[in-house]
Amino acid sequence: MPYHRLRHWLAVPILLAVVLASMFSQAADIDHQRALAAEQEPQNWLLHGRTYAEQRHSPLRQINDGNAEQLGLDWFFDTNTNRGLEATPIVVDGVMYLTGTWSVVYALDARSGELLWEYDPQVPREMARKVCCDVVNRGVAVWQGKVYVGTLDGRLVAIDAATGETVWQVVTVDQSLPYTITGAPRVVKDKIIIGNGGAEYGVRGHVSAYDAASGERIWRFYTVPGNPDEGFENEAMAKAAETWTGEWWKLGGGGTVWDSMAYDPELDLFYLGVGNGSPWSRHLRSPQGGDNLYLSSIVAIRPDTGEYVWHYQVVPAESWDYTATQHMILADIDWQGETRKVLMQAPKSGFFMIIDRETGEFLSAEPYVEVNWATHYDPETGRPVEVEGMDYEHGSKSVKPSGGGGHNWQPMAYNPDTGLVYIPAMESMMVYEQAEKMQYEPGLRHLGIKRGEGPPGNELFLNILIDKVSSGHLLAWDPVQQKEAWRVPLRHSWNGGVLSTAGNLVLQGTADRRMVAYRADTGKQLWDMDVQTGIMAPPITYSVDGEQYVTVLAGWGGGFGLMTGVKQPPGAKRSRVLTFKLGGAMQLPPTIEAGPIPEPPALTDASDEVIARGSTLYGSYCSFCHGVAGISGGTLPDLRRLPEHTHMSFELIVHKGAFKSLGMPGFGDVLSKQDVAAIQSYLIVEAHKDKVLRETPPWLLKIKTFFYHLVTSLIVLFVDTGTATG
Ligand code: CA
């Protein structure tokens with residue numbers, strides 16, 4: 001038989017075999033054995049932190065310190081929004097699964113970025129009012145042919161990985177309360193485990209496990225005790241209740257597990273990173289004192305039953321929004337002459353924590369950023385030694401770090417070869433002052449601290465001040481020595497999560513719109529690229545057909561990004577999935593310049609009192625999304641620059657919710673028409689200030705900038721040295 005005929009005949013059975021194989025092999029076929037051995041699949045990124053150890057270190061080394069300068073964009077996928085992206089993509093056998101804004105799920109061809117399917121859970125846009133920190137989502141879990149997402153409105157949805165169709169969905173929270181989900185579910189032994197958020201709004205945190213196949217709830221673990229009169233769910237809650245006083249359950253308690261969880265298969269322990277108290281002020285939350293377990297704690301439970309095993313409280317009687325929800329890394333390190341199984345965390349409180357993950361024993365805590373609320377941790381008790389008065393019960397205090405933390409949700413990475421943990425670290429400060437009493441007001445955050453009188457309306461001044469009190473750097477931390485190895489100062493705080501690779505690389509996106517590669521051992525920058533929008537999400541790496549790729553989601557926002565963040569330039573409004581490879585030659589489309597800034601409307605005849613009230617209302621209801629003093633992060637409309645027709649519909653939009661479907665809910669239930677008019681009058685005044693600033697001649701701007709630098713330096717010095725504190 002001629003060769004070409006033979007080839008023809010052979011093609012039939014080969015084709016048949018391929019068809020049969022594809023019929024019987026499921027898409028996204030991850031099971032327990034495969035998840036345990038995720039380390040053996042460097043081409044994939046199977047679990048949230050790549051493996052259960054959550055080290056975010058890849059053995060891939062095709063891209064390395066010798067060639068990283070040849071990195072270039074290979075493909076991008078436009079998520080058709082300009083809002084925040086925070087997800088870690090999951091990659092299974094050439095398919096990438098990720099989430100975008102409003103909990104939308106995408107499946108992409110990991111080689112080309114081609115959209116395979118899109119799943120929109122149709123989150124009601126009114127949810128925007130219930131979220132502390134943007135309508136973001138940090139990713140999916142993938143298990144035996146299904147993709148799992150926790151939606152902003154508290155559902156857990158199982159999606160067919162091949163088709164994008166819903167398989168099942170369950171509601172995991174009391175939807176009448178301000179619960180939200182932004183964190184990625186974790187999967188352990190056929191159970192999908194999901195937490196929630198909402199501690200700024202008075203909820204009681206819990207974590208639940210659902211059967212991966214059916215969606216049936218298997219267990220629920222509450223993180224703070226409820227009303228004792230109703231009985232405690234378990235012994236752990238009864239024990240916890242001994243550390244609370246007053247009627248905390250009426251205030252919610254808080255303790256939400258809104259991001260970090262980790263699993264140790266060998267010890268069969270599942271670790272929860274528990275959040276801050278609700279309200280923040282411990283004196284209002286638990287008036288006769290107490291540690292308030294399990295706030296700001298790492299709690300180890302059994303993944304099969306949700307049964308409590310041990311806890312370590314990072315910040316007893318937490319009072320500053322110091323969550324212990326930050327990324328937990330599991331590693332075996334050389335600790336004082338012996339190998340210890342440790343759990344490492346850089347929580348908001350500013351101390352790098354090392355605890356024994358078998359027992360919860362405290363091993364060490366050293367400050368990785370500037371800290372002034374505690375001097376150190378007592379090695380005997382494992383408790384922080386607080387600086388007196390920093391609990392702000394008797395007057396305002398400027399505290400470092402701020403509630404944003406020395407490190408927030410942006411994941412770290414640990415390279416076992418260099419022995420370093422790479423932290424997206426932040427220096428920050430915040431003034432706290434206890435409110436006279438705790439009172440609920442619908443639609444507002446319940447922090448138990450005094451709200452400001454309304455933000456100062458001077459953009460130039462404010463930006464200089466923000467730069468003075470917050471800064472960011474990529475910090476390489478040696479956990480064995482408990483000290484810094486190197487740092488790279490960054491232009492702003494609130495930078496992206498981190499990826500480490502065996503190619504001696506650390507990769508990170510930045511607030512100033514760059515994707516960057518550094519040497520892992522020294523921090524020397526090897527490559528960077530302008531990506532048109534700020535990055536918060538952590539990069540991942542994977543390979544298909546022998547080619548290594550690096551992917552990151554670029555899209556600015558999040559808590560800091562919306563409220564006070566770095567303004568993204570007009571036109572830079574595409575939140576995208578970006579994938580890089582060596583020799584990648586794809587160009588991003590040119591940014592579209594924003595249109596001319598509209599002329600401010602004529603000033604209203606509103607009195608100074610009304611404008612001041614408008615300013616306060618703006619600070620309470622608008623600023624968390626639209627930014628302080630009208631300075632938004634550039635992703636949501638700058639309300640000082642509204643066109644005339646929007647001003648004409650202002651009441652319809654703000655009071656009645658005319659733009660509800662766009663994510664701008666109405667506030668008619670909490671704001672009167674007079675309130676809305678006061679906010680509008682304030683914004684018009686701000687619009688005129690904005691025009692004056694924009695039209696300031698450069699020479700005068702220079703003088704003003706110099707002057708504000710001087711004034712803000714004095715303010716910071718004054719506040720910092722404690723002379724302004726009561
Ligand atoms: Ca919080």
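Engineer: Any chance you could explain the overall build of the chain here in plain terms?
Structural biologist: Looking only at helices and strands, one finds eleven helices and 39 strands in the chain. For the chain, the spread of C-alpha atoms along the three principal axes comes to 95 × 60 × 50 Å. In the chain, buried positions account for 61% of the 726 residues. Summarising the internal contacts of the chain: among those between residues at least 6 apart in sequence, 63% fall at separations of at least 24. Split by element, the accessible area of the chain, about 27,900 Å² in all, is 55% carbon and sulfur. With 60 positive and 84 negative side-chain charges, the chain shows a spacing of 5 Å between the two charge centroids.

Engineer: Sorry if this is basic, but what is going on with the coordination of the calcium ion here?
Structural biologist: Coordination angles at a metal have ideal targets, namely 109.5 degrees for four tetrahedral donors and 90 or 180 degrees for six octahedral donors. The protein atoms donating to the calcium ion are Glu-200 (OE), Glu-200 (OE), Asn-276 (OD1) and Asp-321 (OD), with metal-donor distances spanning 2.3 to 2.6 Å. Here the donor residues of the calcium ion are spaced in sequence according to E-x75-N-x44-D. In this pair, Glu-200 is assigned in the loop between strand E12 (191-194) and strand E13 (206-211) and Asn-276 in the loop between strand E17 (269-273) and strand E18 (277-278), connecting sequence segments 76 residues apart. When its relative accessible area of 9% is taken as the criterion, Glu-200 is described as buried. For Asn-276, a relative accessible area of 2% translates into the label buried.

Engineer: I keep staring at the domain arrangement of the chain and nothing clicks. Help me out?
Structural biologist: Accessible area lost during the coming together of the parts is what is often quoted as the interface size. When the domains of the chain are assigned, the result is domain 1 (34-582) and domain 2 (608-695). Relative to domain 2, the C-alpha centre of domain 1 lies at a distance of 31 Å.

Engineer: Help me out: how do you make sense of the nonpolar core in this one?
Structural biologist: One recurring pattern in soluble globular proteins: nonpolar side chains tend to sit buried together. Core analysis: the largest hydrophobic core is formed by 102 residues, its most contacted members being Tyr-97 and Phe-580. When residues in this core are grouped by element, the largest group, five residues, is from strand E38 (residues 547-554). Those residues within four positions of Phe-580 in sequence are excluded, and the remaining contacts are Leu-71, Gly-72, Leu-73, Asp-74, Met-515, Trp-527, Met-529, Val-531, Gln-548, Tyr-549, Val-550 and Val-552. Core analysis: the next-biggest nonpolar cluster, separate from the first, contains 31 residues, Val-314, Phe-362, Trp-373 and Tyr-392 among them.

Engineer: Can you walk me through the sheet that holds strand E29 (residues 420-428) in this structure?
Structural biologist: Strand-to-strand pairing in sheets goes through backbone hydrogen bonds, with the strands running parallel or antiparallel. Taking strand neighbours across the sheet as the criterion, the four strands line up as E28-E29-E31-E32 in an open arrangement whose pairing is antiparallel. With partners counted over all chains shown, the strands left at the sheet margins are strand E28 (413-415) and strand E32 (483-490), one partner each. The sheet shows a mean angle of 30° between the axes of neighbouring strands, direction not considered. Relative to strand E31 (residues 470-478), E29 is paired through eight bridges, and the arrangement is antiparallel. The residue of E31 that forms the bridge with Ser-428 is Ser-470. Strands in contact with helix H5 (residues 459-469) are E29 and E31; relative to E31, the strand with the most contacts, it is inclined by about 20°.

Engineer: Please explain helix H10 (residues 673-694) as it appears in this structure.
Structural biologist: Residue pairs spaced three or four apart in an α-helix point in one direction, given the helix's 3.6 residues per turn. The end-to-end C-alpha distance of H10 is 31 Å, a good match for the 32 Å that 22 residues give at a rise of 1.5 Å each. In this structure, the buried side of H10 is in contact with H5, helix H7 (608-626), helix H8 (644-648) and helix H9 (650-654).

Engineer: Any chance you could explain the pattern of salt bridges here in plain terms?
Structural biologist: Side-chain pairs of opposite charge can arise whenever the charged atoms involved come near each other. Throughout the structure, instances matching the rule amount to 50 salt bridges. Notably, a salt bridge pairs Glu-86 with Arg-138, separated by 2.8 Å at the nearest N-O pair. In this pair, Glu-86 sits in the loop between strand E2 (71-78) and strand E3 (90-92) while Arg-138 sits in the loop between strand E6 (115-119) and strand E7 (141-143), placing the two residues 52 residues apart along the sequence. Arg-138 gets classed as buried once you look at its relative accessible area, which sits at 4%. With a closest N to O distance of 3.1 Å, Glu-599 and Lys-691 form a salt bridge.

Engineer: Would you explain the pairing of strand E25 (residues 374-377) in this entry?
Structural biologist: Direction of pairing for E25 relative to strand E26 (residues 384-386): antiparallel, over a ladder of three bridges. Within the sheet, the bridge partner assigned to His-376 lies in E26 and is Val-385.

Cut-offs applied
- Residues numbered from 1 in each chain as written.
- Predicted model: local features only at pLDDT ≥ 70, side-chain atom pairs only at ≥ 80, totals over all residues.
- Heavy atoms only, no water.
- Helix = DSSP H or I, 4+ residues; strand = E, 2+ residues; numbered from the N terminus.
- Buried < 20%, exposed > 50% of the residue type's maximum accessible area, 1.4 Å probe, protein only.
- Contact = heavy atoms within 4.5 Å.
- Areas by Shrake-Rupley, 256 points an atom, 1.4 Å probe, with all protein chains shown as cover.
- Lys, Arg positive; Asp, Glu negative; His and termini not counted.
- Charge placed at Lys NZ, Arg CZ, Asp CG, Glu CD.
- Donors = N, O, S within 2.8 Å, 3.2 Å for Na, K, Ca; no water.
- Domains from an automatic or database assignment.
- Core = buried A, V, L, I, M, F, W, Y, C linked by side-chain atoms within 4.5 Å.
- Pairing = 2+ DSSP bridges.
- Axes fitted to C-alpha atoms, helices over the stretch in contact; angles between N-to-C directions.
- Expected span 1.5 Å × (residues − 1).
- Salt bridge = Lys/Arg side-chain N within 4 Å of Asp/Glu carboxyl O.

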